[in-house]
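Now for the letters of each chain:
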Amino acid sequence: MFSYESNFKVRLNVMKEIFKIVFLFILASSVMVFSQEKAAAPKDSGRAKKQVRLRLTLRNSPSITLEANVMYNYGVYELSGNYNGDFNPEQFIDGENFGVRHGIGGIITAKIPVHEKGNLRANFSISHVIFNSKFNKTLTNAHEYDFVKYSVFSGIIGIENNFTPNFNFKTYVGIGVIGSLIYGQARITSDEITNDLTILPAFRLGVSLNSGLEYMVSNKLGLNCGIRFTHANLWLKQSKTSNNPNEIYLNDARVSPKQPYSGFKQFAWGSFFAGVNLYFGITEKKYTFKKY
């Protein structure tokens, strides 16, 4: 049998070994954690700071832009019927106005840069506009008892300044020369006699001013909106009579002696338009800069 003293020494030695093992385990764990923190944490933070990058994308201006728009048109001057836009047969016969005010239409435009930067663009447009003495009848064949209706086919050659050709948002102003073919129909009641009239085609020259905004959704597709002012018969005004009592000319010039339906009349209107753009020839160059 072991004595008490020897038994105490054995227990003491065992406890020493246990404390030694625990101490070594704690020491080894601390060294491992410290080494991992020293190796990983500072390097990660350093890398994160060094990986800050600046990316720059440069694109050229489109080589061709195709634009398709719908328009709401509001007549001004003699294209604005009196009495709040309602048709008045007596004023139409006396040549005071064209008898219409509201219209709708569409326009397609091709825009081609005239130099590399793309600020100046040559424009080539075709448009079709319909005016009716009753706006709610513009797209239908149903008319009021007395009415006037015009169709205007136009071609426009112009130039515009695009202030931001290489950006997603593009703002521009432009001017163009417009050639228009104007014709229509009318039903006129005078002295209790109703006449169905054909307004014979007339060719006129004028000017068109426009301003708008484009937004590039992608390098292929964009949206646009803007305003336009058109004076379609600035030049080549003419008034004359027809041998057919059911046919009349546009009669937009003042003549002497005065003829029925004739008078100095300006076929001018303002437009609000919106539509889509198709872009061609856009390429991108991407640059990455590291920030230390």
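Residues numbered from 1 in each chain as written. Predicted model: local features only at pLDDT ≥ 70, side-chain atom pairs only at ≥ 80, totals over all residues. Heavy atoms only, no water.

As a further point, take the overall build of the chain. Secondary structure assignment for the chain yields two helices and 11 strands. Contacts spanning at least 24 positions in sequence make up 71% of the contacts within the chain whose residues lie at least 6 apart. Looking at the chain as shown, the accessible area adds up to about 17700 Å², and 63% of this sits on carbon and sulfur atoms. (Helix = DSSP H or I, 4+ residues; strand = E, 2+ residues; numbered from the N terminus. Contact = heavy atoms within 4.5 Å. Areas by Shrake-Rupley, 256 points an atom, 1.4 Å probe, with all protein chains shown as cover.)

Turning our attention to the environment of lysine 240. Position of lysine 240 among the secondary structure elements: in the loop between strand E8 (221-235) and strand E9 (247-248). Through-space distance from the C-alpha of lysine 240 to that of leucine 250 is 8.6 Å; in sequence the pair is 10 residues apart. When sequence neighbours within four positions are dropped, the list of residues in contact with lysine 240 reads Tyr249, Asn251 and Gln259.

Looking now at a negative patch on the surface. Taken together, the side chains of Glu90, Asp94, Glu96, Asp191 and Glu192 present a region of like negative charge at the surface. Judged by its relative accessible area of 44%, glutamate 96 falls in the partly exposed class. (Patch = residues over 30% accessible without salt bridge, like charges linked within 9 Å, V, L, I, M, F, W, Y side chains within 5 Å. Salt bridge = Lys/Arg side-chain N within 4 Å of Asp/Glu carboxyl O. Lys, Arg positive; Asp, Glu negative; His and termini not counted. Charge placed at Lys NZ, Arg CZ, Asp CG, Glu CD. Buried < 20%, exposed > 50% of the residue type's maximum accessible area, 1.4 Å probe, protein only.)

Let us now look at the environment of glutamate 214. You can see glutamate 214 is positioned in strand E7 (residues 193-216). Classification of glutamate 214 by relative accessible area gives buried; the value is 0%. When the C-alpha positions of glutamate 214 and phenylalanine 169 are compared, they lie 5.7 Å apart, and in sequence the two are 45 residues distant. Setting aside anything within four residues of it in sequence, one finds glutamate 214 in contact with Glu67, Lys111, Arg121, Asn168, Phe169, Lys170, Tyr172, Leu223, Asn224, Asn277 and Tyr279. Side chain to side chain, glutamate 214 and lysine 111 meet in a polar contact 3.3 Å long. (Polar contact = N/O pair within 3.5 Å; in protein donor to acceptor, adjacent residues only side chain to side chain.)

The next thing to look at is the pattern of salt bridges. Inspection of every chain in the model, using the stated rule, returns seven salt bridges. One salt bridge connects glutamate 160 with arginine 121, and the closest N-O pair in it is separated by 2.5 Å. Here the residue glutamate 160 occupies a position in strand E5 (residues 147-162), and arginine 121 occupies one in strand E4 (residues 120-132), the gap between them amounting to 39 residues. One exposure class covers both glutamate 160 and arginine 121, and it is buried. For arginine 121, the salt bridge identified is with glutamate 214, shortest N-O distance 2.9 Å. Of this pair, arginine 121 sits in strand E4 while glutamate 214 sits in strand E7, and the two are 93 residues apart along the sequence.

Looking at the chain, the pLDDT average stands at 84 and 77% of residues meet or exceed 70. A low-confidence stretch, residues 36-43 (pLDDT under 50), is modelled with two contacts involving residues beyond four sequence positions or located in other chains. (pLDDT = per-residue confidence, 0-100.)

This part takes up unusual backbone geometry. In the segment running from serine 256 into proline 257, the intervening peptide bond is cis, with an omega of 0°. Checked against the element boundaries, proline 257 lands in the loop between E9 and strand E10 (268-280). Of note, tyrosine 77 is a non-glycine position whose phi angle comes to about 55°, a positive value. Of note, the phi angle at asparagine 251 is positive, near 50°, even though the residue is not glycine. Assignment of secondary structure puts asparagine 251 in the loop between E9 and E10.

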